[in-house]
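What the coordinates show
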Amino acid sequence: MSDFKPLVFSGVQPTGNLHLGNYLGAIRKFVALQQDHDCIYCVVDLHAITAQLVHQDLRGQTRSIAAAFIASGIDPEKHIVFNQSAVPQHAELAWVFNCVARIGWMERMTQFKDKSGGKNAEQTSLGLLAYPSLMAADILVYRATHVPVGDDQKQHLELARDIAQKFNIDFTDHIRKTSYGVDIMVGEEPVHAYFPMVEPLIGGPAPRVMSLRDGTKKMSKSDASDLSRINLMDDAETISKKIRKAKTDPDALPSEVEGLKGRPEADNLVGIYAALSDKTKQEVLGEFGGQQFSVFKPALVDLAVEVLAPISGEMRRLMDDTTHIDAILRKGAEKARARADLTMNQVREIVGFLQ
Ligand code: AQP
């Protein structure tokens, strides 16, 4: 039985300042994966206009995400870094997927419900509803197999699998007439597939970094309070202030992970420490169990500054030379277009478009 060649794909939206959640949930994993995998990392600017159409400086934001990738350690020579709108095949495949996916699938997405509910109903674009279909296309236009993301994207990746599976089933006979199909197992079933069943890579001690003000809410770019998040570009003093002011409870840290249950803020800070130091939560508690937050927080400040300061410094340096970033993105887009075009030519043939 043949199988798909492993390929990693992921994207980040240029919709505001990157925060620690984006870094620990996504970018830090991107960096680690490039050691053993072929990787494609994308600044998803088409996604950026789904929730808000007009941006003050979409180009600048796009460059800053690319700068964050590179400053964090992604190698654009060995891997591919580009912005989504420069590869029109993403949008072309998304249209095919809009016709494969069912409206009900999209309406069930938690992110859509959160962003389109209440007073936002009138402002909700068709693009926001179709967002997961474009995300499936981003991944599958490269027939990528593995997608590192934060826990908040899990539902969208399950949908990408549903779309891939429905395409494979709807077009089975057409796929068989070409030589492009691959034999895979879906559960116990052997399937002749054109698109792989993508695997989310979500694990780690901080798969969902929570707000510093409320341990039950995701750390997010759109939170009104800047104190709720640590931005990648925050200086040492700001990081220190935000961690010192982070909400906690009055108890000392427990010695076992079990003891973090029902203590969302403590759990979040321990998870952040663990992810930043490449340790498990249990290892962190082995070091700090029984200690008060007055001891733990300064240690977390030192660690966060030690990890983030070189990244923000390098981002600033890169942002001063936009010609260099633009050249990286242009070169990346050329490499991405060549791969995406190969897939789209085959998809056009499978679907039956006259070429
Ligand atoms: N809090 C988080 N914890 C872990 N991972 C996170 N990600 C986002 N927030 C967290 C992951 O970062 C990657 C890029 O995310 P995105 O560009 O899609 O942005 P987003 O998820 O829309 O980010 P925000 O901050 O949550 O934006 P708003 O406020 O607009 O909703 C993804 O892999 C994501 O999982």
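For the structure, check the block above.
Residues numbered from 1 in each chain as written. Predicted model: local features only at pLDDT ≥ 70, side-chain atom pairs only at ≥ 80, totals over all residues. Heavy atoms only, no water.

The next subject is the overall build of the chain. Along its length, the chain carries 14 helices and 7 strands. Compactness check: the chain gives a C-alpha radius of gyration of 21 Å against a globular reference of 20 Å for 355 residues, within 12% of the reference. With the principal axes as the frame, the chain shows a C-alpha extent of 70 × 50 × 45 Å. A buried classification covers 51% of the 355 residues belonging to the chain. When contacts within the chain are restricted to residue pairs at least 6 apart in sequence, long-range pairs at least 24 apart make up 76% of them. Working note: accessible area of the chain is about 16700 Å², and carbon and sulfur atoms make up 51% of it. The chain carries 41 positive and 46 negative side-chain charges, and their two centres are separated by 3 Å. (Helix = DSSP H or I, 4+ residues; strand = E, 2+ residues; numbered from the N terminus. Rg over C-alpha atoms; globule rule 2.2 N^0.38 Å. Buried < 20%, exposed > 50% of the residue type's maximum accessible area, 1.4 Å probe, protein only. Contact = heavy atoms within 4.5 Å. Areas by Shrake-Rupley, 256 points an atom, 1.4 Å probe, with all protein chains shown as cover. Lys, Arg positive; Asp, Glu negative; His and termini not counted. Charge placed at Lys NZ, Arg CZ, Asp CG, Glu CD.)

Near the ligand, the surroundings consist of 21 residues, among which Gln13, Asp152, Lys218, Ser220 and Ser222 are the closest. Between the ligand and the protein, one listed contact pairs an oxygen atom with a side-chain N or O atom of Ser220 at 2.5 Å. One nitrogen or oxygen atom from the side chain of Ser222 is found 2.4 Å from an oxygen atom belonging to the ligand. Considered on its own, the ligand offers 650 Å² of accessible surface; in the complex 95% of this is hidden by protein. If you tally residues by element for the shell around the ligand, the top one is helix H1 (residues 20-33), at 4 residues. Along the lines of polarity and charge, the residues of the shell around the ligand split into 7 nonpolar, 9 polar and 5 charged. (Near = heavy atom within 4 Å. Polar contact = N/O pair within 3.5 Å; in protein donor to acceptor, adjacent residues only side chain to side chain. Nonpolar A, V, L, I, M, F, W, Y, C, P; charged D, E, K, R; others polar.)

This part takes up the pattern of salt bridges. Under the counting rule described, the total for this entry stands at 20 salt bridges. We note a salt bridge from Lys78 to Asp75, for which the minimum N-O separation is 3.8 Å. A relative accessible area of 67% means that Lys78 is categorised as exposed. Arg317 is paired through a salt bridge with Glu314; the nearest N and O atoms lie 2.8 Å apart. You can see Arg317 and its partner Glu314 sitting in helix H13 (residues 293-319), 3 residues apart, about one turn around the helix. A relative accessible area of 52% places Arg317 in the exposed class. (Salt bridge = Lys/Arg side-chain N within 4 Å of Asp/Glu carboxyl O.)

Both the distance between ring centres and the angle between the ring planes are used here to describe each pair of aromatic rings. Per the counting criterion, the structure on display carries 14 aromatic pairs. Seen from their ring centres, Phe82 and Tyr142 are 6.2 Å apart, and the 70 degrees between their planes marks the pair as edge-to-face. Placement of the pair is Phe82 in strand S3 (residues 80-83) and Tyr142 in the loop between helix H7 (126-140) and strand S4 (146-148), with a sequence separation of 60 residues. The exposure class assigned to Phe82 is buried, which follows from its relative accessible area of 0%. (Phe/Tyr/Trp six-rings, centres within 6.5 Å; stacked < 30°, edge-to-face > 60°.)

The next thing to look at is the pairing of strand S1 (residues 8-12). Of all 5 residues that make up S1, 4 are buried, and the element is covered over most of its length. Note: S1 against strand S2 (residues 39-43), 5 bridges, orientation parallel. Bridging from a neighbouring strand, Ser10 pairs with Tyr41 of S2. One crossover worth recording links S1 to the parallel S2 by way of H1, and it is right-handed. (Pairing = 2+ DSSP bridges. Right-handed = clockwise from strand over helix to strand, strands pointing away.)

Tracing the backbone shows Gln84 in the loop between S3 and helix H4 (89-100). Discounting residues that sit within four places of it in the chain, Gln84 has contacts with Cys42, Val43, Val44, Asp45, Leu46, His47, His90, Leu134 and Asp138.

Let's shift gears to unusual backbone geometry. With a phi close to 50 degrees, Arg143 is a non-glycine residue in the positive phi region. Secondary-structure assignment places Arg143 in the loop between H7 and S4. Accessibility expressed as a relative area gives 17% for Arg143, which makes it buried. In this structure, Asp278 takes a positive phi of about 55 degrees despite not being glycine.

Let us now look at the packing of H7 against helix H8 (residues 154-170). Angle between the axes and distance between the axes: these two values describe a pair of packed helices. Here H7 crosses H8 at 70 degrees, and the two axes come no closer than 9 Å. Comparing their axes, H8 and H7 come out roughly perpendicular. Touching Tyr131, Pro132, Ser133, Met135, Ala136, Ile139 and Leu140 of H7 are His156, Leu157, Leu159, Ala160, Ile163 and Ala164, all from H8. (Axes fitted to C-alpha atoms, helices over the stretch in contact; angles between N-to-C directions. Parallel < 35°, antiparallel > 145°, perpendicular 65-115°, else oblique.)

Counting residues in each nonpolar core, the largest one holds 61 residues, and the members touching the most others are Leu20, Tyr23, Leu24, Phe69, Ile272, Leu276 and Phe296. With 13 residues, H13 is the largest single contributor of residues to this core. Residue-level mapping places this core at the junction of two domains, with at least three residues from each of domain 1 (8-205 + 322-351) and domain 2 (226-319). Formed by 56 residues, the second largest nonpolar core is a distinct cluster that contains Val87, Ala164, Ala193 and Phe195. (Core = buried A, V, L, I, M, F, W, Y, C linked by side-chain atoms within 4.5 Å. Domains from an automatic or database assignment.)

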